[in-house]
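Structural features, examined
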Amino acid sequence: MQKNNKIRKCLFPAAGYGTRFLPATKAIPKEMLPVLTKPLLQYGVEEALGAGLTTMAIVTGRGKRAIEDHFDVSYELEHQIKGTSKEHYMTGIRDVISKCTFSYTRQIEMKGLGHAILSGETLIGDEPFAVVLADDLCDNEDGESVLSQMIEVYEKYKCSVVAVEEIPLKDSNKYGVIAGNEEEDGIFRVNNMVEKPDPQDAPSNLAIIGRYILTPDIFDILGETKPGKGGEIQITDALLIQAKQGNVIAYKFKGKRFDCGSVDGFVEATNYFYKK
Ligand code: UTP
């Protein structure tokens, strides 16, 4: 049993190069690309805040300073728009800034998602935490956000939780794919996971998306994890160690997910939020 059991912090790995979005991501962080008028990362922060988390821990890298500026007050801009008809555009971001604290660390070498999460240890410490990959934009029109749903699952099972969705098997080589025993409707005790398997090697059609709840022992495991698929330190490989101990739950979330790290997903998300 953890000393501090409640999820309070959310880690946002945001150091990747976003090569699929070049040249847009040459000087602009991928996480700052807007869907309508709001950057992807702000959607993620709002989801975390809505789930009751107020400490945002962001792993950045070189060329990502726009992220820190976004979650800070711009006095010049505030002065300029005060009392004008445009002031309401700032309501959302002002609210986020006033309710959350933001802390940052840099990933010096981009050695993969697992390595980015390990870089965040200094901001998280010895407590369970959420991870949001902002380029996976999630929305649940009918109720609780994906992160809120996962926190409920965590509170029952008290172990790491990954969000999964059914994918066409031909796409298995884009995801971490799990296998497990269904303990409740849509809730699986994971016993195997493979990073980006070819369709014939995929243990199921349940793919991990960019939402995790992790227990802090993951940091020690990540510290020992050797580079895996693509030469990167993979969170999937570290989670497999926890899974072998029976300590990973996969949760088939309710809602939609858009892969905004790909052009198709980004356009789909833009159309969806525009219509909404
Ligand atoms: P992705 O693989 O989707 O991001 O990683 P990427 O590498 O930036 O994108 P492409 O493939 O080159 O287009 C998922 C998340 O993990 C972060 C990314 O910023 C993204 O939010 N990440 C990835 C890091 O923070 N550090 C890394 O070394 C790798």
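Residues numbered from 1 in each chain as written. Predicted model: local features only at pLDDT ≥ 70, side-chain atom pairs only at ≥ 80, totals over all residues. Heavy atoms only, no water.

**So, the pattern of salt bridges**
- Scanning all chains against the criterion turns up 19 salt bridges.
- For Glu47, the salt bridge identified is with Arg211, shortest N-O distance 2.9 Å. Taken together, the residues span a long stretch of sequence, with Glu47 in helix H1 (residues 40–50) and Arg211 in strand E11 (residues 206–214) at a distance of 164 residues.
- The exposure class assigned to Glu47 is buried, which follows from its relative accessible area of 8%.
- A residue is classified by how much of its surface remains accessible, and Arg211, at 1% relative accessible area, is buried. (Salt bridge = Lys/Arg side-chain N within 4 Å of Asp/Glu carboxyl O. Helix = DSSP H or I, 4+ residues; strand = E, 2+ residues; numbered from the N terminus. Buried < 20%, exposed > 50% of the residue type's maximum accessible area, 1.4 Å probe, protein only.)

**So, the side chain of Thr215**
- Residue placement: Thr215 occurs in the loop between E11 and helix H8 (217–224).
- The class for Thr215 is buried, based on a relative accessible area of 5%.
- A distance of 3.0 Å separates polar atoms of two side chains, one belonging to Thr215 and the other to Gln242. (Polar contact = N/O pair within 3.5 Å; in protein donor to acceptor, adjacent residues only side chain to side chain.)

**Thoughts on the site of the ligand**
- In the region of the ligand, 18 residues are neighbours, and Gly18, Thr19, Arg20, Gln107 and Gly112 sit closest.
- Lys30 has a polar side-chain atom sitting 3.0 Å from an oxygen atom of the ligand.
- Here Gly112 contributes a backbone N or O atom positioned 2.8 Å from an oxygen atom of the ligand.
- For the ligand, the protein covers 83% of the area, taking 570 Å² as the surface of the free molecule.
- Residues belonging to the shell around the ligand are distributed by class as follows: 8 nonpolar, 5 polar and 5 charged. (Near = heavy atom within 4 Å. Areas by Shrake-Rupley, 256 points an atom, 1.4 Å probe, with all protein chains shown as cover. Nonpolar A, V, L, I, M, F, W, Y, C, P; charged D, E, K, R; others polar.)

**Things to note about helix H7 (residues 146–157)**
- With 12 residues, H7 should reach 16 Å at 1.5 Å per residue; the first-to-last C-alpha distance of 17 Å fits that figure.
- Counting buried positions along H7 gives 9 out of 12 residues, so the element sits mostly inside the fold.
- For H7, the complete set of buried residues consists of Val146, Leu147, Ser148, Gln149, Met150, Ile151, Val153, Tyr154 and Tyr157.
- Of the residues one or two after H7, Lys158 is the one with positive phi, at around 50 degrees. (Expected span 1.5 Å × (residues − 1).)

**Some thoughts on unusual backbone geometry**
- The step from Leu22 to Pro23 runs through a cis peptide bond, and the omega angle for that step is 5 degrees.
- Relative to the assigned elements, Pro23 resides in the loop between strand E1 (9–13) and strand E2 (34–35).
- Its identity is not glycine, yet Leu36 carries a phi of approximately 60 degrees, on the positive side.
- For Lys158, which is not glycine, the phi dihedral falls at a positive 50 degrees.
- You can see Lys158 is positioned in the loop between H7 and strand E8 (160–166).

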